[in-house]
Amino acid sequence: MNFRAVRPPGALLAVLCLGYAVGAALGWGSPRLALFMGDFGLAGAALAAALSCLLHACTTAGPARPAWLLFGLSSSMVAFGNGTWGWYEVVLGTTLPPDSLAEYAFLLFAPLAITGLLVLAQRPRTAAGWLCLLLDGWLVAGSLFTLSWSLALGRVAAGEGDDPLKLALGLAYPVLDILLVSLVVGLRFRRRDGNRAAVHTAMVGLALTVVCDALFTSPELRSTYHSGGLLDAGWFAGSVLLAWAPWAPRGAGAPSRLHPSVGGAPRRRVSTTFSALTPYVAAAVCTVGILYNALGGHHLDRVVVAAACTVGLALILRQGVTLLDNLSLAQELAQKEAHFRSLVQGSSDVIMISGGTGVLSYVSPAALGVYGRDPEDLVGGNLLNLVHPEDVDRVLAEVKRLMKGLPDGISEPSARVECRVRSGGGEWLHVESTVNRYRDGLILNSRDVTERVMLQAQLQHNAFHDPLTDLPNRALFTERLGAALAGGQDGETVAVLFLDLDGFKAVNDSAGHQVGDELLVQAARRLQGAVRAGDTVARFGGDEFAALVSGRLGRVQVQELADRLRSALSEPYWIGGAELGVAASIGIAFAPPAPGAHEHGPDGLRADELMRDADLAMYRAKSEGKGRVVLYHPAMRAELERRTELEDRLRLAVREGTFTLLHQPLVDLATGAVTGVEAQARWRSAQGLLLTPAEFLRTAEQGDAATRFARWMLHETVTAAARRGGPRMVAVPVAVRLSAERLCAPGMYEAVVAVLRETGLPAQQLVIELARTGPDAQADELGRRLDALRRHGVSTAVAGFGAGGGSLGALARLPLDALKLDRSLVQDVADSTLTRALAGHALRLGRDLGLVTSAEGVDHPRQVAVLQELGCRQGQGLAFSQPLDEHRLRRALLRRVYPLPKPLGPLSARRAYLAADARSGGHPEITGSRPAHHQNVSDLPGRLPLPGPWARPHDETSVPPA
């Protein structure tokens, strides 16, 4: 239970004491009630004080706990004495007998209280302190003893000299009271830190009790004393104050031990005015006692003379100690002042002291080095005259907050203020100052932080700007775009232009990164010069730039601005005496009108969407031929989402194994023998059908999913070929068709070598077919990859020749072993004279380059005959076999030979083959094929039927290259 929370209010105790005093003054209405209140009333008050002090000692801990126990015991003695006195006067109706227990109980009050005060006292730390404490105690005690002896104690001793015990008891009360008063006065400013209100209240209560005891000791008052009088009101008030003391509230201004201003190292105590004057006041009291005896004609006995002499001697000794202490303090102060002066004058920080009005009274010499101003010129001037006008209000606010202090009345120890200060050269310096209160003014410790502020500003600038071109980066561009979208008004346009430099990679690779960086810097300058003043140009990284256009302008004007940017970026660049050229692809995305803009979600999300739309439009411009401007259309995002979905489905299909492989044989057009097989992927549908997912597999031509799919197909093809063998099985090469991009992908060559090593398949049994040769810029890298594969033993071929990209020059430079005609040339070769001529020239080119020629999409006997006439060595298509699963492929390899369609044409197949072989010089037989288009092949001769779920649906599209 929190007893302090239920303490009685001070006003109630004051009313209680006042009521007792009024009752005592009026005689309580009857003699018996006066006796009762004078005896048992005082006993009750003392008992309340005893219980209060004991309860406080039991419920709290700390160094003051024994003192409260002693105060409680001393009050209990008073309660016992008054209770005994009341027993005789009120209950028994007689006077208190001499030498009763009450006399001894009252006598024990003072020693216990004196011991409690000594417990509360703070012990001196030095011998001089102990000596001063003893001297002060004797000065007070001796002076009071001299005065008391002159007034009363001498007469008491003279009147009761016949009985030694009675004399001792009569003298013990005042002597102990004098000692108690001496401690109260002497320890008033030498107490421990703690609840000062409680200690003060206890001292006042004890002092009031001692005063009443001193008055009771006087023979005049003692002879006329009766219970319930006004003297009892003083004892009652003393007991009530002592009872209330442990629960007295702490003072609002009491310093907190946790506050920094008082929580540091202990400081040396400095005597207050009262404690410094205490010895002299005591000597004055002693002098008054002597004068009383001398002027009143009283006899100066030896006790008074001895006490007065000891008091004077103690005063002389006390004065000597004080003088020595003052000399020590003066020396210590001089040392500290010299130390402080050396620190201030040697400090690199500027230390200034100003009054309450801001007038500077001291400026350290460091001001000359920091501010470039003479300290003497600054003294006498106003501090605010040095501060930048824009910072004056902020500085005043901090100073007012410092001077006002904390809510509990304790001022803050310091405040930190940053402002700009004018230097001697006229420029503004960034200064950080620590401000502390100093008497009625301030003391400022200032240092120059201009370099730090400039560094922070530079770091902040670097965080939002590109380090190479100093253009805004993506973060700042996004922030400004969000602000433009949030503050858009009716009739205003907000557009984002994404720009990418076409051909920059080639410049970077050929001329070096330093030249590439210089090109980017010049491109950034051109962009800044081409846009309007309020537009933002940013660099996102690499050769990607962006422009934010906002204001009252139409879409046509934005497109014209984009054309200007494209033209500016496409101008020749002169770097290092060489002319370099790049183009620019630009995508434009417009924000929705302002009234409907809020329907698109938060500004940040809308900004990201707008930037993504412009990025899509830019990539569409690059895919359509580069060097152009394309406006964003919602269909672009729909196409992107569809492509992303298909890539996810492809990734899932590869992971879950819903793809499978079929193989289509490659047949010698002269003998009908199977010379190889081509692996083709099929997608197993939920119904168990194997489909050729043309659109699904087309997503495998780009991205990371395409590389994973290509590796899966390579691994499955080589693994199946390695398992396919036996004593009667003919080992034929197996072909895997890859695009140039997939073959040049990182790690693809290593994947080919690794799967051959793991499966043990001879490298001569693997053929890598190029679905397309790719751009000329990739020909060198592609040639290196193909050459590495050929050195390892893998055969290479180009498939789909006669359709798609790739130049004849790249074909001549690539290390190839075979050439396969595209089905677009084969399907009309028997009906179109032009197609037949083109196919013949393509086959002749292959033979001239020393390549083995073959054709895919050979679905009709007439196509077989024409190809034989044109000298094509191998064919692949439904005229021989459709794609087979592993079981039927093994049967076909065991058959080894397919019957060739009849008739073969004007020339026999054998003669055509031999003529073609003679012209080409003879080459190894390799493979390759693609699945067929929409043909009904049920009536084709020589075809191996594939019934059931393996049958190819008639409405199925062809499988594009993987």
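Report on the accompanying structure. Fair warning: this is a prediction, and the values are worked out from it, not measured in the lab.

Here's the deal with the overall build of the protein
The helix and strand tally for the protein stands at 33 helices and 21 strands. Sorting the 962 residues of the protein into buried and exposed places 46% on the buried side. In the protein, of all internal contacts separated by at least 6 residues, the share reaching a separation of at least 24 is 71%. When the accessible surface of the protein is summed, it comes to about 47,200 Å², and 59% of that surface belongs to carbon and sulfur atoms.

Considering the pairing of strand β3 (residues 415-422)
Burial of β3 is one-sided: the residues Ala415, Val417, Cys419 and Val421 facing one way are buried, the residues Arg416, Glu418, Arg420 and Arg422 facing the other way are not. Bridging between β3 and strand β4 (residues 428-438) involves eight bridges; their strand directions are antiparallel. Bridge pairing links Glu418 to Glu432 in β4. Taking the residues between adjacent antiparallel strands as the criterion, β3 and β4 are bridged by five residues, where Gly426 takes a positive phi near 100°.

Things to note about the side chain of Asp885
The topology assignment puts Asp885 in the loop between β21 (874-876) and α32 (886-895). You can call Asp885 buried: its relative accessible area is 9%. Within polar-contact distance, the side chain of Asp885 engages the backbone nitrogen of Arg888 at 3.0 Å.

Structural notes on the nonpolar core
In this structure, Leu714, Leu743, Leu766 and Leu821 are the most contacted members of the largest nonpolar core, which totals 58 residues. In this structure, Leu714 is in contact with Val736, Met748, Ala751, Val752, Val755, Leu766 and Ile768, ignoring residues within four places of it in sequence. Residues Leu96, Ala113, Met203 and Ala233 belong to the second largest nonpolar core, which totals 43 residues.

As for the sheet that holds strand β8 (residues 544-551)
In space, the five strands of this open sheet follow the order β7-β8-β6-β11-β12, with mixed pairing throughout. Lying at the two open borders of the sheet, with one neighbouring strand each, are β7 (536-541) and β12 (629-631). Strand-to-strand, the axes of this sheet are offset by a mean angle of 20°, without reference to chain direction. Sheet topology note: the strand β6 (residues 493-502)/strand β11 (residues 583-590) ladder contains eight bridges and is antiparallel. If you follow Leu499 over to β11, its bridge partner there is Ile586. Strands in contact with helix α16 (residues 474-486) are β6, β7 and β8; relative to β7, the strand with the most contacts, it is inclined by about 140°.

Overview of α32
One full turn of an α-helix is made of 3.6 residues, so residues set three or four places apart face in the same direction. Of all the positions in α32, only Arg888, Leu889, Ala892 and Leu893 are classed as buried. Along the axis of α32, the buried positions cluster into a sector of 140°, meaning they face one direction only. Opposite its buried face, α32 presents the exposed residues His887 and Arg891, each directed more than 90 degrees away. Backbone geometry just downstream of α32 places Arg896 in the positive-phi region, at approximately 75°.

Concerning helix α9 (residues 230-244)
Look at α9: 21 Å from first C-alpha to last across 15 residues, which is about the 21 Å you get at 1.5 Å a residue. Among the 15 residues that make up α9, 13 are buried, leaving the element largely enclosed by the rest of the structure.

Looking at the pattern of salt bridges
In total, this model carries 29 salt bridges according to the counting rule given. The residue Lys622 makes a salt bridge to Asp502 at a minimum N-O spacing of 2.6 Å. Placement of Lys622 in helix α21 (residues 603-623) and of Asp502 in strand β6 is noted, with a sequence separation of 120 residues between them. Side by side, Lys622 and Asp502 carry an identical accessibility label, which is buried. Between Asp509 and Lys505 there is a salt bridge, with its nearest N and O atoms 2.9 Å apart. Of this pair, Asp509 and Lys505 both sit in helix α17 (residues 504-511), four residues apart, which is roughly one turn of the helix. Residue Lys505 is classed as exposed on the basis of its relative accessible area, which comes to 60%.

Criteria and cut-off values
Residues numbered from 1 in each chain as written. Predicted model: local features only at pLDDT ≥ 70, side-chain atom pairs only at ≥ 80, totals over all residues. Heavy atoms only, no water. Helix = DSSP H or I, 4+ residues; strand = E, 2+ residues; numbered from the N terminus. Buried < 20%, exposed > 50% of the residue type's maximum accessible area, 1.4 Å probe, protein only. Contact = heavy atoms within 4.5 Å. Areas by Shrake-Rupley, 256 points an atom, 1.4 Å probe, with all protein chains shown as cover. Pairing = 2+ DSSP bridges. Polar contact = N/O pair within 3.5 Å; in protein donor to acceptor, adjacent residues only side chain to side chain. Core = buried A, V, L, I, M, F, W, Y, C linked by side-chain atoms within 4.5 Å. Axes fitted to C-alpha atoms, helices over the stretch in contact; angles between N-to-C directions. Arc of directions from axis to C-beta. Expected span 1.5 Å × (residues − 1). Salt bridge = Lys/Arg side-chain N within 4 Å of Asp/Glu carboxyl O.

Limitation: the analysis is restricted to geometry and does not speak to function.
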